[in-house]
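Here is how the chains run, residue by residue.
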Amino acid sequence: KCDSRVRQRAEQASRLLDMTENEDLSITMHVREVCHRAGLPIMEGVFDILRDRGEIAESSLAELTEDLVAEMYEAIIGPAVDELEECLRATRVA
């Protein structure tokens with residue numbers, strides 16, 4: 001009887017892990033698709049970094065739209081890249 005409960009719990013845990021992996025893949029594919037449709041595939045990497053940090057709710061990533069990705073790029077990432085370019089230009093040895 002104990003063995004059957006352990007087996008049953010192991011099967012439940014396995015199903016839960018499968019569901020989590022499928023959800024993770026689904027969100028990954030959603031982020032990739034939205035970034036590419038926005039014409040900003042580089043943003044996929046930005047969202048990967050944020051995901052790896054573990055501070056962003058998966059639901060926030062699931063709600064990304066092309067317009068939101070473009071707005072984030074224009075307001076945050078684009079200016080940061082411009083600033084990095086300026087820093088690198090200033091440190092360039094002639």
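A brief look at the structure comes next. None of these values were measured; they are calculated from a predicted model.

## A few points about the overall build of the protein
When helices and strands are counted, the protein shows four helices and zero strands. Put simply, the protein runs from its N terminus to its C terminus through helices and strands in the order α-α-α-α. Across the 94 residues of the protein, 16% fall into the buried class. Counting only contacts in the protein whose residues sit at least 6 apart along the sequence, the fraction spanning at least 24 positions is 64%. Here the protein displays about 7,500 Å² of accessible surface, and carbon together with sulfur accounts for 55% of that area.

## As for the pattern of salt bridges
Within this structure, the stated rule accounts for six salt bridges. A salt bridge links E33 to R37; its shortest N-O distance comes to 2.3 Å. Of this pair, E33 and R37 both sit in helix α1 (residues 2-37), four residues apart, which is roughly one turn of that helix. Overall, the relative accessible area of 45% leaves R37 in the partly exposed class.

## Quick look at helix α4 (residues 66-91)
Taking 1.5 Å of rise per residue, the 26 residues of α4 would be expected to cover 38 Å, and the 35 Å separating its terminal C-alpha atoms lies within 8% of that figure. The largest bend along α4 reaches roughly 45° and is located at Y73. All buried positions along α4 are accounted for by V69, A70 and G78.

## Examining the nonpolar core
Side chains of a nonpolar character, in soluble globular proteins, are inclined to be buried together. Counting 11 residues, the largest nonpolar core consists of I27, V31, V34, C35, L40, M43, F47, L61, L64, V69 and A70. The dominant element in this core, judged by the number of residues it contributes, is α1, at four residues.

The rules behind each value
- Residues numbered from 1 in each chain as written.
- Predicted model: local features only at pLDDT ≥ 70, side-chain atom pairs only at ≥ 80, totals over all residues.
- Heavy atoms only, no water.
- Helix = DSSP H or I, 4+ residues; strand = E, 2+ residues; numbered from the N terminus.
- Buried < 20%, exposed > 50% of the residue type's maximum accessible area, 1.4 Å probe, protein only.
- Contact = heavy atoms within 4.5 Å.
- Areas by Shrake-Rupley, 256 points an atom, 1.4 Å probe, with all protein chains shown as cover.
- Salt bridge = Lys/Arg side-chain N within 4 Å of Asp/Glu carboxyl O.
- Expected span 1.5 Å × (residues − 1).
- Bend = angle between axes of the 7 residues up to and from the residue.
- Core = buried A, V, L, I, M, F, W, Y, C linked by side-chain atoms within 4.5 Å.

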